[in-house]
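Read off the chains here:
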Amino acid sequence: MKGSIGAFATCDHAMASAILSDSKRFGSFAVAKHKPIDTTVHDDEGRRLIVPMDDSFLSMDPPDHTRLRRMVAPWFSPRAIRQRTETIEAMLEELLDDLGRRGSWDAVNDLSVRVPIRVIAAFFGIGEDNYEDFRRWGGIIGTSVDGIRTMSDLRDFRQMLIEMRDFFNDLIDKRTTDPGDDLVSFMVQAAPEGEPLTGDEMIATCGVLLGAGFETTVNLIGNCVLTVLGNEGVRQRLLADPELISGAVEEVLRWDAPVQYLLRVTTEPVTMGGVEIPADAPVFVVVAGANRDPRVFGDDAAELDITRPNSRKHLTFGDGIHLCVGAGLARIEAAATLRVLLRKFPDLQLAEGAQRRPTRVVRGMTTLPVRQPVAGAAMA
């Protein structure tokens, strides 16, 4: 489908998958120039600031994409993620014990925000002192993909980039002289395909792992909690059989995707579905629509089914070489959150005041108040 502004879009699952898998004809490198406001910004000395979503491997095509992604991939391998699962669940035990003493709390701001922040901070080898900065930066980075549309937004965005650059430059310097067992220390010493990383490449990589790893996971966890607490049948099935939780997370990723669409740009003229698309044209892959394509997911594709056998065919994490490198980690964080939450608070209830985000690209909750039927009734 062609839009009135010259952009193209598809909700067809087969076509969406083909576009996302075809990095030769549908590239990522030109995405930044199609934003409503140019996000090229400079500091007070006139130096261009690194924009993680534009300057990292997320928006690169081969060979640069290949070189940088391969460098971080081992940190997100199935084995590496399994090794972190126990730590994540222990963190959730402590966090939910604390929340349980309150009686009522916000499942977004008190829970789903705090889980990925702690996980990401551990990747960088830093502690709680930086949690609030990470939370603020991650939120701004994630929201920026929806478009920076006002000068106020641009000023906040610029200030965040300066703060983040200075923080990671300092952390890189520290890890260069005193390396540890963390991702930044690894990057300092790495030389993917014989080329050491530049400072800008390390800042962009750290920034995109923070932004993408934070925003997607926050919204995924929030959507999972909302789905389970808002559907008593789903809650009871998961309480009766916790083995269904992983499948439930997969179905939420399909049914209530935290990322609604992805953008690609044609590198050459392309004809798809009988439509001629010129070179350098933006193509919106509406994954939220493709995830409900009845030709893939059946006539009940618009319904929630936590035992759907092919839920994992969703395109929420993309496809092809740009398949989200942290997808496995996000799944583990969401599943662990539901597992510990349901065990400790099987009767947790939604409260008044839930609000959805006003954004278009990312879908999630800004607030999700919950309450315990009896204050302090957490189970051991």
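Heads up: these notes are all about the structure in this document. Everything numeric in this text was worked out from a predicted model, so none of it was measured. (Residues numbered from 1 in each chain as written. Predicted model: local features only at pLDDT ≥ 70, side-chain atom pairs only at ≥ 80, totals over all residues. Heavy atoms only, no water.)

Things to note about the nonpolar core
For step 1, the next point in the chain: Counting 93 residues, the largest nonpolar core has Trp105, Leu111, Phe124, Phe134, Phe168 and Val249 as the members making the most contacts within it.
For step 2, the next point in the chain: What leucine 111 contacts, discounting residues up to four positions off in sequence, is Leu92, Leu95, Leu96, Leu99, Trp105, Asp106, Thr337 and Leu341.
For step 3, the next point in the chain: Listed in part, the 14 residues of the second largest apolar core include Leu20, Ala281, Ala290 and Leu315. (Core = buried A, V, L, I, M, F, W, Y, C linked by side-chain atoms within 4.5 Å. Buried < 20%, exposed > 50% of the residue type's maximum accessible area, 1.4 Å probe, protein only. Contact = heavy atoms within 4.5 Å.)

Overview of the sheet that holds strand S4 (residues 262–266)
For step 1, the next point in the chain: Across the sheet, which stays open at both edges, the 4 strands sit in the order S1-S7-S4-S2 with mixed pairing between neighbours. With partners counted over all chains shown, the strands left at the sheet margins are strand S1 (8–10) and strand S2 (26–27), one partner each.
For step 2, the next point in the chain: Relative to strand S7 (residues 282–285), S4 runs antiparallel, the two being bridged by 4 bridges. For arginine 264, the partnering residue across the bridge sits in S7 and is valine 283. (Pairing = 2+ DSSP bridges. Helix = DSSP H or I, 4+ residues; strand = E, 2+ residues; numbered from the N terminus.)

So, the packing of aromatic side chains
For step 1, the next point in the chain: Summed over all chains, the structure comprises 12 aromatic pairs.
For step 2, the next point in the chain: Measuring from ring centre to ring centre gives 6.3 Å for tryptophan 75 and phenylalanine 123, while their planes differ by 50°; the resulting arrangement is tilted. Separated by 48 residues along the polypeptide, tryptophan 75 in the loop between helix H3 (64–72) and helix H4 (78–100) and phenylalanine 123 in helix H6 (residues 114–124) bring together distant segments of the chain. The pair formed by tryptophan 75 and phenylalanine 123 is uniform in burial state, with each residue classed as buried.
For step 3, the next point in the chain: With 5.3 Å between their ring centres and 75° between their planes, tyrosine 261 and phenylalanine 284 make a pair best called edge-to-face. A residue pair is termed long-range when its members are at least 10 positions apart, and tyrosine 261 in the loop between helix H12 (245–255) and S4 and phenylalanine 284 in strand S7 qualify at 23 residues.
For step 4, the next point in the chain: An aromatic cluster is present here, built from Phe124, Phe134, Trp137, Phe167 and Phe168 joined pairwise through their rings.
For step 5, the next point in the chain: Sitting above the plane of the phenylalanine 123 ring, arginine 84 keeps its charged end 3.9 Å from the centroid.
For step 6, the next point in the chain: A cation over an aromatic ring shows up here: arginine 254 above the ring of phenylalanine 297, its NZ or CZ 5.2 Å from the ring centre. (Phe/Tyr/Trp six-rings, centres within 6.5 Å; stacked < 30°, edge-to-face > 60°. Lys NZ or Arg CZ within 6 Å of the ring centre and 35° of its normal.)

Some details on the pairing of S7
For step 1, the next point in the chain: One ladder, built from 3 bridges, connects S1 with S7; its direction is parallel. By the bridge assignment, alanine 9 is partnered in S7 with phenylalanine 284.

Things to note about the packing of H4 against helix H15 (residues 327–344)
For step 1, the next point in the chain: In the contact formed by H4 and H15, the axes pass within 9 Å of each other and the chain directions differ by 40°. Taken together, the axes of H4 and H15 lie oblique to each other. When the axes of H4 and H15 are compared, the crossing they make is right-handed. Residues Ile81, Thr85, Ile88, Glu89, Leu92, Glu93, Leu96 and Asp97 of H4 pack against Gly328, Leu329, Ile332, Glu333, Ala336, Thr337, Arg339, Val340, Leu341, Arg343 and Lys344 of H15.
For step 2, the next point in the chain: Looking at the contact of H4 with H15, its residues break down into 9 nonpolar, 3 polar and 7 charged. (Axes fitted to C-alpha atoms, helices over the stretch in contact; angles between N-to-C directions. Parallel < 35°, antiparallel > 145°, perpendicular 65-115°, else oblique. Left-handed = near helix turned anticlockwise from the far one by under 90°. Nonpolar A, V, L, I, M, F, W, Y, C, P; charged D, E, K, R; others polar.)

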